[in-house]
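These are the residues of each chain, in order.
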Amino acid sequence: MEKLTFKELAMKILEEEKCPLTVEEIWEIAQKRGYDKFCSSQGKTPWRTIGAQIYVDVRDNPDSPFVKIDSKPRKFFLKNLVSETELRKIEEKEKGKIEGPKKLKYSERELHPFLTYFAYTYMGIYTKTIYHEKSNKRKYSQWLHPDIVGVYFPIEEWKSEVLDFAKEIGSPSIILYSFEMKREIGFHNLRESFFQAVSNSSWANEGYLVTANIDQDDELMTELKRLSTAFGIGVIKLDIENPDSSEIVLPAKHKRELDWDTINKLADENPDFKKFLKRIKIDLSSKEIRKEKYDKIFVTEELIRRIKK
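Below, the structure is looked at part by part. The model shown is predicted, which means the values in this text are computed figures rather than measured ones.

Below, the discussion takes up the pairing of strand β5 (residues 175-182). Along β5, seven of the eight residues are buried, which leaves the element largely enclosed by surrounding structure. Pairing of strand β4 (residues 148-152) with β5, which is carried by five bridges, proceeds in the antiparallel orientation. When the bridges of β5 are listed, V151 appears paired with L176. As defined by bridge partners, β5 adjoins strand β6 (residues 206-211) across six bridges and the pair is classed as parallel. Looking at β6, one finds that K182 is bridged to T211. Note that the unit made of β5, helix α7 (residues 190-200) and β6 has a crossover that is right-handed.

Now the structure itself:
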């Protein structure tokens, strides 16, 4: 067999299977049949490359052999194997398979320790949960402050004299973070979740949308990347089975200036946030971080045990 491009590989698999497939399924079948060896370049995520090339071909090529099936996750088929009538039947069948949001056994609050562990271990950040129910105006609190706030101290890296000098000249010596937690991110809640993170992080140096489950859909990821680039919000994916495999999927854009008006409003509305600010001031003044004053950092075994109860 001669060398295959990714588009040629996809066409070959779809012709043989004679049914709509996701790009992940196309690549899986290609591996089982040994066709993957005939692709000159694979990279770390070849199925994403297949998907990107098919999307571009469908969008820009009027004579594209591919057709998108209206399903979640997105599937592809070949035009020459299906009529318009058959295509509508397939799409109706695929829509019938679409389930609503997954019934997840854990709550958002149960994910907080996973973020605390990841933020401290891999980002050097101390976190504090902010309880919405304590806010003065509970009706608007979900659009006012995030689920978790965080702070990065340079205390362990900077000399005492440098800290004092930074304090005297008013140079920022800490970084403040905002984290909006969601159990899952899919098309059903993407925009609301993302713009809630935007609304709740305007005051901080960096804001993140955090979740334990992101729908594996190319269109969703493309939209998530677009929103992240446009608004500067990062995305963190937590792994509740292996906390050390949690990762920053999309980095946040760092803002040098803090929004003091919003910080003042948050402190006025929520006692947890006010205590968080007081704690930072005390730790900076003493040049000693009191770890027990922030959210508790559990070891990985304890994190997994707690969520499986």
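The subject of this paragraph is the packing of helix α3 (residues 46-60) against helix α8 (residues 218-231). Look at α3 against α8: their axes get within 11 Å of each other, and the N-to-C directions meet at 85°. Here α3 is positioned roughly perpendicular relative to α8, judged by the angle of their axes. Mapping the contact onto sequence places R48, G51 and Y55 in α3 and D218, E219 and M221 in α8. A per-class count over the contact of α3 with α8 returns two nonpolar, one polar and three charged.

We now examine the sheet that holds β4. Across the sheet, six strands lie side by side as β3-β4-β5-β6-β7-β8; this open sheet has mixed pairing. The outermost strands of the open sheet, each flanked by one partner alone, are β3 (126-129) and β8 (247-250). Averaged over all neighbouring strand pairs, the angle between strand axes comes to 30°, with direction disregarded. Pairing of β6 with strand β7 (residues 234-237), which is carried by four bridges, proceeds in the parallel orientation. Note on β7: the bridge partner recorded for Y208 is G234. Running over the sheet, α8 touches β7 and β8 and is turned about 85° from β8.

Along the polypeptide, H112 turns up in helix α5 (residues 108-123). Of the residues examined, H112 reaches a relative accessible area of 5% and is grouped as buried. If we skip the residues at most four places from it in the chain, H112 touches T129, D147, I148 and M181.

What counts, and where the lines are drawn
Residues numbered from 1 in each chain as written. Predicted model: local features only at pLDDT ≥ 70, side-chain atom pairs only at ≥ 80, totals over all residues. Heavy atoms only, no water. Buried < 20%, exposed > 50% of the residue type's maximum accessible area, 1.4 Å probe, protein only. Helix = DSSP H or I, 4+ residues; strand = E, 2+ residues; numbered from the N terminus. Pairing = 2+ DSSP bridges. Right-handed = clockwise from strand over helix to strand, strands pointing away. Axes fitted to C-alpha atoms, helices over the stretch in contact; angles between N-to-C directions. Parallel < 35°, antiparallel > 145°, perpendicular 65-115°, else oblique. Contact = heavy atoms within 4.5 Å. Nonpolar A, V, L, I, M, F, W, Y, C, P; charged D, E, K, R; others polar.

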